[in-house]
Every structure is written in C-alpha cells, then in structure tokens.
Amino acid sequence: MTSAAIRPVLPADQPVWRRLWRGYCAFYETALPEEVTRRTWARILDPDSAVMCLLAEVDGVVVGFAHCVLHENTWETQPVCYLEDLYVDPAARGRGVGGALVEWLRNAMRAEGWARLYWMTHRDNQAARALYDRFAQADAFVRYVVRQT
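Scoring rules and cut-offs
Residues numbered from 1 in each chain as written. Predicted model: local features only at pLDDT ≥ 70, side-chain atom pairs only at ≥ 80, totals over all residues. Heavy atoms only, no water. Helix = DSSP H or I, 4+ residues; strand = E, 2+ residues; numbered from the N terminus. Buried < 20%, exposed > 50% of the residue type's maximum accessible area, 1.4 Å probe, protein only. Contact = heavy atoms within 4.5 Å. Areas by Shrake-Rupley, 256 points an atom, 1.4 Å probe, with all protein chains shown as cover. Lys, Arg positive; Asp, Glu negative; His and termini not counted. Charge placed at Lys NZ, Arg CZ, Asp CG, Glu CD. Pairing = 2+ DSSP bridges. Axes fitted to C-alpha atoms, helices over the stretch in contact; angles between N-to-C directions. Expected span 1.5 Å × (residues − 1). Core = buried A, V, L, I, M, F, W, Y, C linked by side-chain atoms within 4.5 Å. Salt bridge = Lys/Arg side-chain N within 4 Å of Asp/Glu carboxyl O. Phe/Tyr/Trp six-rings, centres within 6.5 Å; stacked < 30°, edge-to-face > 60°.

Before going further, it helps to examine the overall build of the chain. Secondary structure assignment for the chain yields 4 helices and 5 strands. In the chain, the succession of helices and strands from N to C terminus is β-α-α-β-β-β-α-β-α. Taken along its principal axes, the extent of the C-alpha atoms in the chain is 40 × 40 × 35 Å. Burial statistics for the chain: of 149 residues in total, 40% are counted as buried. Looking at the chain alone, contacts between residues at least 24 apart form 58% of all its contacts between residues at least 6 apart. By element, 53% of the accessible surface of the chain is carried by carbon and sulfur atoms, the whole surface being about 9700 Å². Computed over 17 positive and 18 negative side-chain charges, the separation of the two mean positions in the chain equals 4 Å.

This next bit is on the sheet that holds strand β4 (residues 80-88). Reading across the sheet, the 5 strands line up as β1-β2-β3-β4-β5 and stay open at both edges, with mixed pairing between neighbours. If you trace the sheet from one side to the other, it starts and ends with β1 (5-8) and β5 (116-119), each paired once. Going from strand to strand, the sheet's axes swing by 30 degrees on average, the running direction of each strand aside. Pairing analysis gives 4 bridges linking β4 to β5, with the strands arranged parallel.

For helix α3 (residues 97-112), spanning 16 residues, the distance from its first C-alpha to its last is 22 Å, which sits close to the expected 22 Å at 1.5 Å a residue. Burial in α3 covers these residues: Val97, Gly98, Gly99, Ala100, Leu101, Val102, Leu105, Ala108 and Met109. Of the residues one or two after α3, Gly113 is the one with positive phi, at around 80 degrees.

Of all hydrophobic cores here, the largest spans 24 residues; its most connected members are Ile6, Leu83, Val97, Leu101, Leu105 and Leu117. Listing elements by their share of this core, those giving two or more residues are β2 (51-58), β3 (61-71), β4, α3 and β5. Of the residues forming this core, the biggest block, 7 residues, is contributed by α3. If you look at the next biggest cluster of nonpolar residues, it comprises 16 residues, including Val16, Ile44, Val69 and Tyr87.

A few words now on unusual backbone geometry. Despite not being glycine, Glu29 shows a phi value in the positive range, around 50 degrees. Its place among the elements puts Glu29 in the loop between α1 (14-27) and α2 (34-45). For Glu29, a relative accessible area of 74% corresponds to the exposed category. Phi at Asp59 is positive, roughly 55 degrees, even though this residue is not glycine. Along the chain, Asp59 turns up in the loop between β2 and β3.

This paragraph deals with the pattern of salt bridges. Going through the model one piece at a time under the given rule, you end up with 7 salt bridges. Where Arg7 meets Glu57, a salt bridge forms, and the shortest distance between an N and an O atom there is 2.7 Å. Residue Arg7 is found in strand β1, and its partner Glu57 is found in strand β2; the two are separated by 50 residues along the sequence. With a relative accessible area of 18%, Arg7 lands in the buried category.

For the structure shown, the criterion picks out 10 aromatic pairs. The interplanar angle of 10 degrees and the centroid separation of 5.5 Å between the aromatic rings of Trp17 and Trp21 together place this pair among those described as stacked. Separated by 4 residues within a single helix, Trp17 and Trp21 lie in helix α1, roughly one turn from each other. A relative accessible area of 0% places Trp17 in the buried class. For the pair Trp21 and Tyr24, a centre-to-centre distance of 5.7 Å together with 15 degrees between the ring planes defines the contact as stacked.

As structure tokens, this is what we get:
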C-alpha cells in the first residue's frame with residue numbers, strides 16, 4: 001500500500017485536475033460540455049461555493065480527486081457531505097488512494113461535525129463497491145432522476 005497525501009485543490013492544479021476529470025468522464029462514458037467543466041472548476045475554487053475538491057498525491061504526483069458538496073438537510077441539524085465524484089488514475093489504483101480520500105472525509109466529518117457522509121456509485125462498478133463496502137453497506141434506496149427537457 002502506498003501512502004497518499006490528501007490536500008485541498010489549488011488554482012495551479014487546474015491542468016492535472018482537468019486530466020483526471022477527463023478520465024473520470026471517460027470512465028462513465030459521458031462527454032460534458034466545456035462550459036460545465038469550466039463552471040465546475042470555478043465552483044471548486046469559489047470559497048462561497050458548497051463544492052469542494054480534494055486531491056490525492058503519491059510521491060508528489062496528483063493521482064486522484066474527490067468532489068464533495070457540503071449541504072444542509074431536513075433529517076439532521078448538522079450539515080451533511082455528499083461525495084459526488086471520486087476518481088483515481090488507473091495507474092495508481094489498488095494502492096489505497098481511494099480509501100485515503102474516503103478516510104480523509106470521514107475524519108473531516110468527525111472534526112467538522114457533519115451528520116453524515118454519503119455517496120452512490122453505479123451498481124456494476126464492482127471495484128468501487130469493494131472499496132466502499134469497507135466503510136459502509138449500501139442501503140435500500142433507489143435513485144430517481146428528473147431532467148429538464
């Protein structure tokens with residue numbers, strides 16, 4: 001297992017973040033408009049935005065990210081953290097990077113007083129599910145999505 005250092009994203013990280021973001025989108029077989037990528041990056045850097053990005057480094061090289069949204073909710077008095085995107089470069093997988101990102105967020109949850117940390121993944125993403133099962137068991141909820149037409 002390689003030790004991954006987790007840190008907040010910096011403005012100078014945009015090129016490496018974009019490379020990883022392209023890999024993430026390719027993994028999910030989606031092509032997002034450049035406008036979405038630019039807006040996502042802007043929100044990540046905006047201190048007033050609820051979107052945050054953590055980067056994972058191994059030997060000084062950025063190899064993964066986690067995008068999270070901290071928000072209020074109706075079931076607790078404390079905010080909750082939604083882990084929206086987690087991605088590790090294929091060359092760095094199996095080295096504990098994804099687990100280090102989730103563990104960092106679990107520690108932040110305790111330190112910051114978030115009520116919970118939650119996420120979802122595709123039901124067929126067995127590699128991610130094997131990682132996530134180390135932290136929590138999937139619940140019985142089914143997701144519905146309504147899009148503007």
